[in-house]
Amino acid sequence: MIAAIEPTWYLTLAALLFSIGAFGLLVRRNPLVMFMCIELMLNAANLTFVALATQLGDINGQTAVFFVLVVAAAEVVVGLGIIVSILRRRPGATADDLVELKG
Amino acid sequence: MSDATFIEYVVFFAASVMVLGGAIGVIAFRNPVHSALGLVLTLFGVAVHFVAQEAHFLAAVQVIVYAGAIVVLFLFVIMLLGVDKAQDLSIEPIPIQRPLAGVMAVGLFGLVLAAIVRSGDAIGSIALQPIDPVTREPIGLETASQTGNHDANIESLARNLYTDHVFAFELTSVLLIVAVAGTVLLTRRWPKGVGEDLGDEASTATSSRSGSGS
C-alpha cells in the first residue's frame, strides 16, 4: 500500500471538483471561463484515475491520465482557436450571443 | 491501510484546500485573468496530490503542460482579445438557471458520493498485489518507496506506454498535428485575393472563409 490516505477521500475530492466545474460551466457566460471549468472537470477525472491506479496497483490508470493530458491540450488549442475567431468578429461575445452560430 | 501519518494528512488537506479554493476562484472571480490564476492554483494542488500518490511523472507533466502551457495559452488569448475586464456576474438573463445549476451540482455530487460510499469497502478490499495470470508473479505499481528505485514510476509508466499502448501513443501525434493544423486554419485571417493562385485547396478555404464572413 502506497498512499495511506484512503482512496475514497481522493474520490470524494474529485467528485467535489467535478461538481464545481460542472456548476461553473452552467453558470458562467464567458466562453474562456467555461473552458477553464472544463479543465477543472478533466482534472477531477485525472485525480480519480490516479487514486484508483494507486489503490489497485495498476499503471494503466496513470497511462490513461497521460492520454487525457494530451487530448486536453489538443482540445484547448482547438477551442481557443474557435473562441479567438468568434471574439475577433464580435468582441465581448458571451455564450448567449452565439445561439445562432453565424459568424 | 488507515495508518496514514500525520504529515500525510497535512499534505492531503493542504492540497485539497488548494484544489477547491482554486476551483471556486475560477467560477467566482469576475476577471478572467483571476480565473486563470485560480486554475493554476487548482492544477498545482492536483499535482501535489499526484506526488502524494507517487505518480511523479504525471505530477511533473501536470505542472509543465497544464500549469505551464495551457494556462499560458489561456492568458495569451485573454490578453490578446482584450477581454481582461471585470464582468458583472449579477446580470443573469435566465433567472432560474443558477438555482437549477446548483441543484444539478449538488445532486451530481450526492450521487457520486453515494456511489463512493457504497463501493468504498469494495475498493478497499481489492487485493493490493494483483497476480500476473501468466507468470504468477505479483504485478502492480512499482513505486520509489517500495523498490528504492527513484525512477520506478517513470520506468513502469514508460514500459506500459510503449508496449501496451504504443498504437494509441502514435495516434496522439496525429491528433496533435490535426489540432495544430486546424487551429492555424481556423484563426488565420485570409486577405482578399490571396491564395487564389495557390491551387484548389487554398482558394476553396479562402472562398469558404470569406463566404462565411459577414
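Residues numbered from 1 in each chain as written. Chains lettered and ligands numbered in written order. Predicted model: local features only at pLDDT ≥ 70, side-chain atom pairs only at ≥ 80, totals over all residues.

Once that is clear, we can look at the overall build of chain A. Within chain A, the secondary structure is distributed over three helices and zero strands. Traced from its N-terminal end to its C-terminal end, chain A shows the element sequence α-α-α. The C-alpha radius of gyration of chain A comes to 17 Å, more than 25% above the 13 Å expected for a compact globule of 103 residues. Counting only C-alpha atoms and orienting by the principal axes, one finds that chain A spans roughly 55 × 25 × 15 Å. Each of the 103 residues in chain A was classed as buried or not, and the buried ones make up 51%. (Helix = DSSP H or I, 4+ residues; strand = E, 2+ residues; numbered from the N terminus. Rg over C-alpha atoms; globule rule 2.2 N^0.38 Å. Buried ≥ 20, exposed ≤ 12 C-beta atoms within 10 Å, placed from the backbone.)

On to the overall build of chain B. A count of helices and strands for chain B gives eight helices and zero strands. Its helices and strands taken in sequence order, chain B reads α-α-α-α-α-α-α-α from the N to the C terminus. Here the contacts in chain B between residues at least 6 apart in sequence split such that 42% fall between residues at least 24 apart. (Contact = placed C-beta atoms within 7 Å.)

How big an interface is tends to be stated in terms of accessible area lost as the parts join. Chain A puts 68 residues into the contact, and the matching count from chain B is 79 residues. Counting residues per element, the ones that place at least two in the side of chain A that touches chain B are helix H1 (7-27), helix H2 (31-56) and helix H3 (60-89) of chain A. Looking at the side of chain A that touches chain B, the element that brings in the most residues is H3(A), giving 22 residues. Its residues assigned to classes, the side of chain A that touches chain B comprises 45 nonpolar, 18 polar and five charged. (Nonpolar A, V, L, I, M, F, W, Y, C, P; charged D, E, K, R; others polar.)

So, on to the confidence of the model for chain A. When pLDDT is averaged across chain A, the result is 86; 92% of the residues are at 70 or more. For chain A, per-element mean pLDDT is lowest for H3(A), which scores 90, and highest for H1(A), which scores 92. (pLDDT = per-residue confidence, 0-100.)

A separate point is H1(A). The end-to-end C-alpha separation of H1(A) is 30 Å, in line with the 30 Å expected for 21 residues at 1.5 Å each. A large share of H1(A) lies buried, amounting to 16 of its 21 residues. (Expected span 1.5 Å × (residues − 1).)

The tendency in soluble globular proteins is for nonpolar side chains to be buried side by side. If you look at the biggest cluster of nonpolar residues, it comprises 60 residues, and the most contacted ones within it are A:Ala14, A:Leu17, A:Leu32, A:Met36, A:Leu47 and A:Val50. Those elements that provide at least two residues to this core are H1, H2 and H3 of chain A together with helix H1 (6-28), helix H2 (32-52) and helix H3 (56-81) of chain B. Ignoring sequence-local partners within four residues, the contact set of A:Leu32 consists of A:Ile83, B:Pro32, B:Phe74, B:Val77, B:Ile78 and B:Val83. (Core = buried A, V, L, I, M, F, W, Y, C linked by C-beta atoms within 7 Å.)

Let us now look at the packing of H2(B) against H3(B). Residues and elements named next belong to chain B. Here H2 crosses H3 at 175°, and the two axes come no closer than 8 Å. In this view, H2 runs roughly antiparallel relative to H3, as classed from their interaxial angle. Contact with H2, carried on its side by Pro 32, Val 33, Ala 36, Leu 39, Val 40, Leu 43, Phe 44, Val 46, Ala 47, Phe 50 and Val 51, involves His 56, Leu 58, Ala 59, Gln 62, Val 63, Tyr 66, Ala 67, Val 71, Phe 74, Leu 75 and Ile 78 of H3 and no other residues of that element. (Axes fitted to C-alpha atoms, helices over the stretch in contact; angles between N-to-C directions. Parallel < 35°, antiparallel > 145°, perpendicular 65-115°, else oblique.)

With that settled, consider the packing of H1(A) against H1(B). Across the interface, H1(A) lies against H1(B) with an axial gap of 9 Å and an inter-helix angle of 10°. If you check the angle between H1(A) and H1(B), you find them roughly parallel. From H1(A), A:Trp9, A:Leu13, A:Leu16, A:Leu17, A:Ile20, A:Gly21, A:Phe23, A:Gly24 and A:Val27 reach across to H1(B), where they touch B:Phe12, B:Ser16, B:Val19, B:Leu20, B:Ala23, B:Ile24, B:Val26 and B:Ile27.

As a further point, take unusual backbone geometry. Phi is positive for B:Glu54, which is not a glycine, with a value near 60°. Within the fold, B:Glu54 resides in the loop between H2 and H3.

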